[in-house]
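What follows is each chain in one-letter form.
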Amino acid sequence: MIIKTKKYALDQKTYISLAMRSWVKNNWYWGFVPLGLIFANAMLNVTGVYPNWWIYLVIVLLTILYVLFWAVQFTGITQMEQTKSLFQKYVYEIDSRQILLKLNAREGGILKWDQIRSVTKDKTAYVMVVSNDQAMNGMKVNWLAKIVAKGMKNAQFLYLPYSIFTTENELKFMDTLLKRKGFLAEPEKIKE
């Protein structure tokens, strides 16, 4: 069976929201660094070893700037000429071999299942994270570019809302296909 969706384009606001949410989900533990610094500074203030107030301001300011840096990165992706294909209207043809992204009858692209890193099924859509490992292989970049590339590893994805599927059977087949490919967990069977 081949699933053929309605034509759909990812909205830029949705992209930024999902990319930031994914970034926070993958980097939440870094929030303990500023909390630890604030706690250490509070201890220094209480004990009288090094009383100061400006370190609190610097820690909060640097934390906000760090989060804003990533927000600007994801917003910048929506403005770049190289990434305009992320926001074009496609008809998706999905089968067990590949995902075809069709602009029209003659133009489009192919996405093999081995290029999909992970799939999340939420309340309104499937979010398929595309691997950028092939693009990064053999690239010689500096340390800052490596850090940015690592932070953006989940920033390229397909967002397939349930509303673009034409029938309920296509949604069920999509679930089955994703389970076969190992992206969605099988429901546990109840033992009697």
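Okay, so let's go over this structure. (Residues numbered from 1 in each chain as written. Predicted model: local features only at pLDDT ≥ 70, side-chain atom pairs only at ≥ 80, totals over all residues. Heavy atoms only, no water.)

## Focus on helix H2 (residues 32-47)
Part 1 of the reasoning: Taking 1.5 Å per residue as the helical rise, H2 with its 16 residues ought to reach 22 Å, and the 22 Å between its terminal C-alpha atoms agrees with that figure.
Part 2 of the reasoning: Gly48 occupies a position one or two residues after H2 and carries a positive phi of about 80°. (Helix = DSSP H or I, 4+ residues; strand = E, 2+ residues; numbered from the N terminus. Expected span 1.5 Å × (residues − 1).)

## Describing the side chain of Thr83
Part 1 of the reasoning: Tracing the sequence through the fold places Thr83 in the loop between helix H3 (54-79) and strand S2 (91-94).
Part 2 of the reasoning: Take Thr83: its relative accessible area is 16%, and that puts it in the buried class.
Part 3 of the reasoning: Side-chain polar atoms of Thr83 contact the backbone oxygen of Ile77, separated by 2.3 Å. (Buried < 20%, exposed > 50% of the residue type's maximum accessible area, 1.4 Å probe, protein only. Polar contact = N/O pair within 3.5 Å; in protein donor to acceptor, adjacent residues only side chain to side chain.)

## Looking at the pairing of strand S6 (residues 125-130)
Part 1 of the reasoning: By the criterion of burial, S6 is predominantly enclosed, with six of the six residues buried.
Part 2 of the reasoning: Side-chain alternation along S6 places Ala125, Val127 and Val129 on one buried face and Tyr126, Met128 and Val130 on a second face that is also buried.
Part 3 of the reasoning: One ladder, built from five bridges, connects strand S5 (residues 116-121) with S6; its direction is antiparallel. Directly across from Lys121, in S6, lies its bridge partner Tyr126. (Pairing = 2+ DSSP bridges.)

## Here we look at the pattern of salt bridges
Part 1 of the reasoning: All chains considered together, the criterion is met by five salt bridges.
Part 2 of the reasoning: A salt bridge links Asp95 to Arg97; its shortest N-O distance comes to 3.0 Å.
Part 3 of the reasoning: Asp95 sits in the buried class, given a relative accessible area of 10%.
Part 4 of the reasoning: We note a salt bridge from Lys121 to Asp175, for which the minimum N-O separation is 2.7 Å. Of this pair, Lys121 sits in strand S5 while Asp175 sits in helix H6 (residues 168-180), placing them 54 residues apart in sequence.
Part 5 of the reasoning: Judged by relative accessible area, Lys121 falls into the partly exposed class, the value being 40%. (Salt bridge = Lys/Arg side-chain N within 4 Å of Asp/Glu carboxyl O.)

## A word on the sheet that holds S5
Part 1 of the reasoning: In spatial order, the strands read S5-S6-S7; together these three strands make up an open sheet with antiparallel pairing. Of all the strands in the sheet, the pair left with one neighbour each is S5 and strand S7 (157-161). Ignoring strand direction, the axes of neighbouring strands in this sheet form an average angle of 15°.
Part 2 of the reasoning: Sheet strands touched by H6: S5, S6 and S7. Its angle to S6, the strand with the most contacts, is close to 35°. (Axes fitted to C-alpha atoms, helices over the stretch in contact; angles between N-to-C directions. Contact = heavy atoms within 4.5 Å.)

## Description of the nonpolar core
Part 1 of the reasoning: The biggest cluster of nonpolar side chains holds 43 residues, and the ones touching the most others in it are Ile94, Ile99 and Met128.
Part 2 of the reasoning: At the level of elements, helix H1 (12-27), H3, S2, strand S3 (98-102), S5, S6, S7 and H6 are the ones that each hand at least two residues to this core.
Part 3 of the reasoning: Apart from the residues lying within four places of it in its own chain, the contact partners of Ile94 are Met1, Ile2, Ile3, Ile99, Trp113, Leu160, Phe165, Met174 and Leu177. (Core = buried A, V, L, I, M, F, W, Y, C linked by side-chain atoms within 4.5 Å.)

## Digging into the packing of H1 against H3
Part 1 of the reasoning: Running from N to C, H1 and H3 cross one another at 145°; their axes reach a closest spacing of 10 Å. The hand of the H1/H3 crossing is right-handed. On H3, the residues that touch Gln12, Tyr15, Ile16, Ala19, Met20 and Trp23 of H1 are Tyr66, Val67, Trp70, Ala71, Phe74, Thr75, Ile77, Thr78 and Gln79.
Part 2 of the reasoning: Among the residues forming the contact of H1 with H3, the class breakdown is 11 nonpolar, four polar and no charged. (Left-handed = near helix turned anticlockwise from the far one by under 90°. Nonpolar A, V, L, I, M, F, W, Y, C, P; charged D, E, K, R; others polar.)

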